[in-house]
Amino acid sequence: MQKIYPNATAALDGLLHDGMFIAAGGFGLCGIPELLLSAIKDAGTKDLTFASNNAGVDDFGIGILLQTRQVKKMISSYVGENAEFMRQYLSGELELEFNPQGTLAERMRSGGCGIPGFYTKTGVGTVIADGKEHKDFPTGENGAPETYIMENGIFADLAIVKAWKADETGNLMFRKTARNFNPPAAMCGKTCVVEVEEIVPTGSLDPDAIHLPGIYVHRIIQGDHEKRIEQRTTRSA
């Protein structure tokens, strides 16, 4: 099966439709699938739901799709650093489902493993728990009951992620903190499209160094990526 495509537009051909659910990797400005997001913007696909830790900034990451009003709903952990994200949410233009970061990562991972739901203590007693199933388990001291809430696994129509290296069969390596949400996001999409900095021949990656096996990856592109710094702090001379 040929997984390598010449560019982001070709890799997304036949996959996009209005109203779809997309899981995207990235954390802050690190590990964002910027080329694929730009191609989605150019395609004009609208009414999108994104599961992503955050939405980048106003002119980068999912932020470029917020500017063009192509996003209907965000399932996210963090809304800072993006003024348009906050403006649309506070004005009621954008639906927002808050998730603690660990819960969001586990929801993605669970979807990728075929697990429809799981219980967690995170969020119990907060607005995160509103409307969710509660259940007591004997996990406290001396078997005392403790309350957990049910969270659903994420099953996305499409996953878009960024990796450092891929071989021709789709085995992936991520570089340091750029791994972040990318592996679980890749797992939970019915189709996974990956952009990488380098494609190497099959068999050239150390099996013990592979972070995500190629069974999860359907399409790959290679491209040049922008290296951004989210917050630069300097001192006066």
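It should be noted that the structure appears before, not after, this text.
Given the structure is predicted, the values throughout are model-derived calculations rather than measurements.

Conventions we followed
Residues numbered from 1 in each chain as written. Predicted model: local features only at pLDDT ≥ 70, side-chain atom pairs only at ≥ 80, totals over all residues. Heavy atoms only, no water. Pairing = 2+ DSSP bridges. Helix = DSSP H or I, 4+ residues; strand = E, 2+ residues; numbered from the N terminus. Axes fitted to C-alpha atoms, helices over the stretch in contact; angles between N-to-C directions. Salt bridge = Lys/Arg side-chain N within 4 Å of Asp/Glu carboxyl O. Buried < 20%, exposed > 50% of the residue type's maximum accessible area, 1.4 Å probe, protein only.

Caption draft 1: Structural context of the sheet that holds strand β6 (residues 134-137). The 3 strands lie next to each other as β5-β7-β6, forming an open sheet whose pairing is antiparallel. The open sheet has two edge strands with one neighbour each: β5 (117-120) and β6. Strand-to-strand, the axes of this sheet are offset by a mean angle of 40°, without reference to chain direction. Relative to strand β7 (residues 146-152), β6 runs antiparallel, the two sharing 4 bridges.

Caption draft 2: Representation of the pattern of salt bridges within the structure. One pass over the full model with this rule turns up 12 salt bridges. Glu 84 is the salt-bridge partner of Arg 69, the closest N and O atoms lying 3.3 Å from each other. In this pair, Arg 69 is assigned in the loop between α3 (63-67) and β3 (71-76) and Glu 84 in helix α4 (residues 83-90), connecting sequence segments 15 residues apart. When its relative accessible area of 46% is taken as the criterion, Arg 69 is described as partly exposed. Overall, the relative accessible area of 15% leaves Glu 84 in the buried class. The partner of Glu 93 in a salt bridge is Arg 87, and the shortest N-O contact between them spans 2.9 Å.

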